[in-house]
Amino acid sequence: SQELEQSPQSLIVQEGKNLTINCTSSKTLYGLYWYKQKYGEGLIFLMMLQKGGEEKSHEKITAKLDEKKQQSSLHITASQPSHAGIYLCGADPPGGTSYGKLTFGQGTILTVHP
Amino acid sequence: DTAVSQTPKYLVTQMGNDKSIKCEQNLGHDTMYWYKQDSKKFLKIMFSYNNKELIINETVPNRFSPKSPDKAHLNLHINSLELGDSAVYFCASSQQANTIYFGEGSWLTVV
């Protein structure tokens, strides 16, 4: 079965700093999703990557899927307290189409100090 | 105009009770899901319904019974609640196998 490992597990940064969260898969990624979760709230969809080398940005958050499609990174530029939360990567099962059977990493807890 | 809404948001109940969590989506999606997030924050799929038909059942105990009266609703009923059922339950939906959108979660505590 596919496993996703996120690193670091937790991260504390000062406001304004850049940071990177990694998601490494034990198998080739066919669809990689990034979500953000705030306590007491649901998961907010950030981005989805499918092609090796693909990079997408939303405001100050950029996500990339490496060429070999086994790792994705999420980069936040000039972090703000509003970026704080748990970041989760999720992946389609090997072979693609899953009807929602995503495998998730354990999450990265991000704290941003003002 | 919440896309995926679930109720209740918080639920505290005693062992042995039966409880339900309701979910509704107004996105017009044809696929709905229940995910469970345990105390270690791992998020795992429990059930998936496509056009009211069960398509994924991830070895969840029989005490958990999803019901989909129509494409926009997927309710989760849990019988004989146990301490280990304490978790956050997320409802979600998607259009077929596309991006999944999650509800805000239901925090279940069994005492």
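Everything below is about the structure printed above this text.
Reference entry: report on the structure contained in this document. On a predicted model such as this, the values are computed, not experimentally measured, just so you know. (Residues numbered from 1 in each chain as written. Chains lettered and ligands numbered in written order. Predicted model: local features only at pLDDT ≥ 70, side-chain atom pairs only at ≥ 80, totals over all residues. Heavy atoms only, no water.)

Observations concerning the sheet that holds strand E6 (residues 55-58) of chain A
Residue and element names in this part refer to chain A.
Next up, step 1: In spatial order, the strands read E1-E3-E8-E7-E6; together these five strands make up an open sheet with antiparallel pairing. Among the strands making up the open sheet, the edge pair consists of strand E1 (4-7) and E6. Here the average twist between neighbouring strands, direction ignored, is 15°.
Next up, step 2: Summarising the sheet, E6 and strand E7 (residues 61-65) pair through four bridges and their orientation is antiparallel. By the bridge assignment, Ser-57 is partnered in E7 with Thr-62. (Pairing = 2+ DSSP bridges. Helix = DSSP H or I, 4+ residues; strand = E, 2+ residues; numbered from the N terminus. Axes fitted to C-alpha atoms, helices over the stretch in contact; angles between N-to-C directions.)

Thoughts on the interface of chain A and chain B
Next up, step 1: Across the boundary between the two partners, chain A contributes 21 residues, which contact 26 residues of chain B.
Next up, step 2: Roughly 1,900 Å² is buried in total at the junction of chain A and chain B, and carbon and sulfur atoms are behind 62% of that figure.
Next up, step 3: There are zero salt bridges connecting chain A and chain B.
Next up, step 4: Along the contact surface separating chain A from chain B lie three residue pairs in polar contact (both at pLDDT 80 or more). (Contact = heavy atoms within 4.5 Å. Buried area = accessible area lost by both parts, 1.4 Å probe. Salt bridge = Lys/Arg side-chain N within 4 Å of Asp/Glu carboxyl O. Polar contact = N/O pair within 3.5 Å; in protein donor to acceptor, adjacent residues only side chain to side chain.)

Description of the layout of surface pockets
The method is simple in principle: a probe with the dimensions of a water molecule rolls over the atoms, and the space it marks as empty is what remains.
Next up, step 1: A volume near 690 Å³ is recorded for the largest pocket.
Next up, step 2: If you trace the largest pocket, you find 24 residues lining it, with Thr-103 of chain A together with Leu-43, Lys-44, Ile-45 and Glu-58 of chain B closest to the centre.
Next up, step 3: The element best represented in the lining of the largest pocket is strand E5 (residues 43-50) of chain B, accounting for four residues.
Next up, step 4: By residue class, the composition of the lining of the largest pocket is 12 nonpolar, five polar and seven charged.
Next up, step 5: Here the second largest pocket defines a volume of roughly 190 Å³.
Next up, step 6: In terms of lining, the second largest pocket is formed by 13 residues, of which the most central are Leu-43 and Ile-44 of chain A together with Phe-102, Gly-103 and Glu-104 of chain B.
Next up, step 7: Of all the elements in the fold, those that place two or more residues in the lining of the second largest pocket are strand E5 (43-49) of chain A together with strand E10 (101-102) of chain B. (1 Å grid on protein atoms, 1.4 Å probe; cavity = no way out; pocket = protein on both sides within 12 Å on 5 of 7 lines; lining within 4 Å. Points joined across faces, edges and corners; volume = space filled by probe spheres on them. Nonpolar A, V, L, I, M, F, W, Y, C, P; charged D, E, K, R; others polar.)

What is shown is where atoms sit, not what they do.
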